[in-house]
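Examining the three-dimensional arrangement
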Amino acid sequence: MFGLEILAKILKILRSDDTPLQIAVGFSLGMILGLTPFFTLHNVLIILIVIIFKVNLGSVIFSFALFSGLAYLLDPLFHRLGYFLLVDVPALHGLWTFFYQFPIIALSRYNNTVVIGSLAVSLLLFLPVTFGVKLFVIYYRKTLDPKIQQLKIVQLLKSTKFYAIYKKIQAVRQG
């Protein structure tokens, strides 16, 4: 049953009134939150962006949960990449020293190999994931959703009294 609830929430996100870009940016911001260790300064910035700008909160939460689980598997890779960036690239040593002299930036934990490695990966993936999710949402809304709405099970669920009550409650919330 848990899988059906997740699928229903994903479909609700895809069918929401938000634009494909709002859903995609929300997904990508959730990806950064999920891939990087949570208690960092850049994640505070990401949360502020989510609060200030209109992004789909459901896609942020879904993506955060998805990528948090994936991050544990990728932590050894993040550590190696972070170590490479912090230690093995002499051209960056001056940058790290410069950052270390600012107390607020030092609070970001950038000197942690997993933090810097996961942040580098998530920033590299931000634009491709955003555009990929945006294209998927557009494709879903144009091609897949009409087919899903024609399924017998969907037609059956829409004909129930529970669905009619749900639609009335939803109309009251929106207007």
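These numbers were taken from a predicted model, which means no experiment stands behind them. Every residue gets a number counted from 1 within its own chain, in the order that chain's sequence is written. Restriction of local features to residues with pLDDT of at least 70 applies here, the model being predicted, together with a cutoff of 80 or more for giving and counting side-chain atom pairs; totals for whole chains, interfaces and linings are based on all residues. Hydrogens and water molecules were not included; the side-chain quantities draw on all heavy atoms of the structure.

Attention now goes to the packing of helix 2 (residues 20–35) against helix 3 (residues 41–52). A pair of packed helices is characterised by two quantities: the angle between their axes and the separation of those axes. Relative orientation of the contacting elements helix 2 and helix 3 amounts to 155°, with a least axis distance of 10 Å. When the axis of helix 2 is compared with that of helix 3, the two are roughly antiparallel. In the crossing of helix 2 with helix 3, the sense of the turn from one axis to the other is left-handed. Of the residues in helix 3, those touching helix 2 at L29, I32 and L33 are H42, N43, I46, I47, I49 and V50. Taken together, the residues of the contact of helix 2 with helix 3 sort by class into seven nonpolar, two polar and no charged. Every angle, taken between N-to-C directions, lies between 0 and 180 degrees, and every axis is a line fitted to C-alpha atoms, over only the stretch in contact when it is a helix. Helix and strand assignments follow DSSP, with helices taken as H or I runs no shorter than four residues and strands as E runs no shorter than two, numbered in order from the N terminus. Note on angle classes: values under 35 degrees are labelled roughly parallel, values over 145 roughly antiparallel, values of 65 to 115 roughly perpendicular, and the remainder oblique. Helix crossings fall into two classes, left-handed where the near helix is turned counterclockwise from the far one by less than a right angle and right-handed where it is turned clockwise. Only heavy atoms matter for contacts: two residues are in contact if any of them lie within 4.5 Å across the pair. Three categories are distinguished: nonpolar for Ala, Val, Leu, Ile, Met, Phe, Trp, Tyr, Cys and Pro, charged for Asp, Glu, Lys and Arg, and polar for the others, with Gly belonging to the last.

What follows deals with the confidence of the model for the protein chain. The predicted coordinates of low-pLDDT regions are not to be read in fine detail. This prediction gives the protein chain a mean pLDDT of 87; 86% of its residues lie at or above 70. Taken element by element, the protein chain is modelled with least confidence in helix 9 (residues 161–174), mean pLDDT 66, and with most confidence in helix 2, mean pLDDT 96. One confidence number per residue, pLDDT, is output by the predictor and ranges from 0 to 100.

Moving on to unusual backbone geometry. Unlike most non-glycine residues, R109 shows phi in positive territory, near 65°. Topologically, R109 is positioned in the loop between helix 6 (103–106) and helix 7 (113–149).

The next point concerns the pattern of salt bridges. In the sections that follow, a salt bridge refers to a side-chain nitrogen of Lys or Arg positioned within 4 Å of a carboxyl oxygen of Asp or Glu. According to the stated counting rule, one finds two salt bridges in the structure shown. The residue R15 makes a salt bridge to D145 at a minimum N-O spacing of 3.0 Å. One end of the pair, R15, is in the loop between helix 1 (2–14) and helix 2; the other, D145, is in helix 7, and 130 residues separate them in sequence. Three exposure classes are used, based on accessible area relative to the maximum for each residue type with a 1.4 Å probe and protein chains only: buried under 20%, partly exposed in between, and exposed over 50%. Its relative accessible area of 43% is what places R15 among the partly exposed residues. The buried category is assigned to D145, whose relative accessible area is 12%.

Looking at where N56 falls in the secondary structure, it is placed in the loop between helix 3 and helix 4 (57–88). Here the side chain of N56 touches D18 through a polar contact of 2.8 Å, side chain to side chain. Contact partners of N56, with chain neighbours within four places excluded, come to I13, S16, D18, Q22, I23 and G26. Nitrogen and oxygen atoms within 3.5 Å of one another constitute a polar contact, given that in protein one can donate a hydrogen and the other can accept it, and given that sequence-neighbouring residues count only through two side-chain atoms.

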